[in-house]
Amino acid sequence: MTPSHPDTGAPLPPVAPEVLAAAVACLTTRLRRRLDPAVESLAATPVDLAEDGTYGIRCGADAWVTLAPGPSGTITSPDQVRCTCLLSPRCLHRAAALAASPLADAIPSRGPGPSPDRGPSADPDPDPSPERAPSAAAVPSAGPVPPAGQAPFADNASSAGPVPCA
């Protein structure tokens, strides 16, 4: 076990919105009604920060929630949050710990480039000469558009669908 620094008052790591939404969606109706009071009670609960970068929260006498953020310092996967109770991962403790954490930025920061307010660029020559204009032959075809609900490439096994509860 990694040594921890109890009661450090460390702030909880940021959580990706989709991870929090998936945890709340996995709760039963009865547990959802208890979510707000559980989050409020966690506000006064000390947070242990282990040397390996994981955060621990005691939720009652028999439940311990561990948050293990990734290299970015953010919880980006449901697998990064564990609870020791018997209902985990569909437990109130896990969802409350995620809800008590700050939300991570949903929109990544933009790098240098044109801002959406100003348009593409302030090109002094808005009418390009024919030799500088791209030809239609140089632009590759995007191919056929798949029907709604299907992935554009059958070979692509990964999908950005909803996160399962279990």
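Residues numbered from 1 in each chain as written. Predicted model: local features only at pLDDT ≥ 70, side-chain atom pairs only at ≥ 80, totals over all residues. Heavy atoms only, no water.

Student: Requested: an account of helix 1 (residues 17-25), with residues and values cited.
Tutor: Residues of helix 1 that are buried include every one of Val19, Leu20, Ala22 and Ala23, and no others. Take helix 1 and look down its axis: the buried residues cluster within an arc of 160 degrees, on one side only. On its buried side, helix 1 packs onto helix 4 (92-100). (Buried < 20%, exposed > 50% of the residue type's maximum accessible area, 1.4 Å probe, protein only. Helix = DSSP H or I, 4+ residues; strand = E, 2+ residues; numbered from the N terminus. Arc of directions from axis to C-beta. Contact = heavy atoms within 4.5 Å.)

Student: Describe the pairing of strand 4 (residues 64-67), naming the residues involved and giving the relevant values.
Tutor: As defined by bridge partners, strand 3 (residues 55-58) adjoins strand 4 across 4 bridges and the pair is classed as antiparallel. Residue pairing across strands places tyrosine 55 opposite leucine 67, the latter belonging to strand 4. Two successive antiparallel strands, strand 3 and strand 4, enclose a turn made up of 5 residues, where glycine 60 displays a positive phi of approximately 85 degrees. Looking at chain direction, strand 4 and strand 5 (residues 81-83) are connected through 3 bridges and run antiparallel. For valine 65, the partnering residue across the bridge sits in strand 5 and is cysteine 83. (Pairing = 2+ DSSP bridges.)

Student: Now, about the environment of proline 17: what can you tell me, with residues and values included?
Tutor: Along the chain, proline 17 falls in helix 1. Under the relative-accessibility criterion, proline 17 is labelled partly exposed at 28%. Along the chain, proline 17 and proline 102 lie 85 residues apart, while their C-alpha atoms are 9.5 Å from each other.

Student: Tell me about the pairing of strand 3, and please be specific about residues and values.
Tutor: One ladder, built from 3 bridges, connects strand 2 (residues 47-50) with strand 3; its direction is antiparallel. Bridged to aspartate 48 within strand 3 is glycine 56. Counted between consecutive antiparallel strands, the loop separating strand 2 from strand 3 contains 4 residues, among which glycine 53 sits at a positive phi close to 90 degrees.

Student: Describe the environment of aspartate 62, with residues and values.
Tutor: Take aspartate 62: it is sitting in the loop between strand 3 and strand 4. Under the relative-accessibility criterion, aspartate 62 is labelled exposed at 63%. As for aspartate 62 and cysteine 83, which are separated by 21 residues in sequence, their C-alpha atoms are 9.9 Å apart.

Student: So what's going on with helix 3 (residues 35-43)? Residues and values would help.
Tutor: Among the residues of helix 3, Leu35, Ala38, Val39 and Leu42 are the ones counted as buried. For helix 3, the angular spread of the buried residues around the axis is 100 degrees, confining them to a single face. Across helix 3 from its buried face, at more than 90 degrees, point the exposed residues Asp36, Glu40 and Ala43. Buried residues belonging to helix 3 abut helix 1, helix 2 (29-33), strand 3 and helix 4.

Student: Go over the packing of helix 1 against helix 4, please, and point to the residues and values.
Tutor: Contact geometry for helix 1 and helix 4: axes closest at 9 Å, N-to-C directions at 150 degrees. Taken together, helix 1 and helix 4 sit at an angle that is classed as roughly antiparallel. Judged by the twist between their axes, the crossing of helix 1 over helix 4 is left-handed. Contact residues: helix 1 offers Val19, Leu20 and Ala23, while helix 4 offers Arg94, Ala95, Leu98 and Ala99. Its residues assigned to classes, the contact of helix 1 with helix 4 comprises 6 nonpolar, no polar and 1 charged. (Axes fitted to C-alpha atoms, helices over the stretch in contact; angles between N-to-C directions. Parallel < 35°, antiparallel > 145°, perpendicular 65-115°, else oblique. Left-handed = near helix turned anticlockwise from the far one by under 90°. Nonpolar A, V, L, I, M, F, W, Y, C, P; charged D, E, K, R; others polar.)

Worth remembering: the numbers are spatial, not functional.
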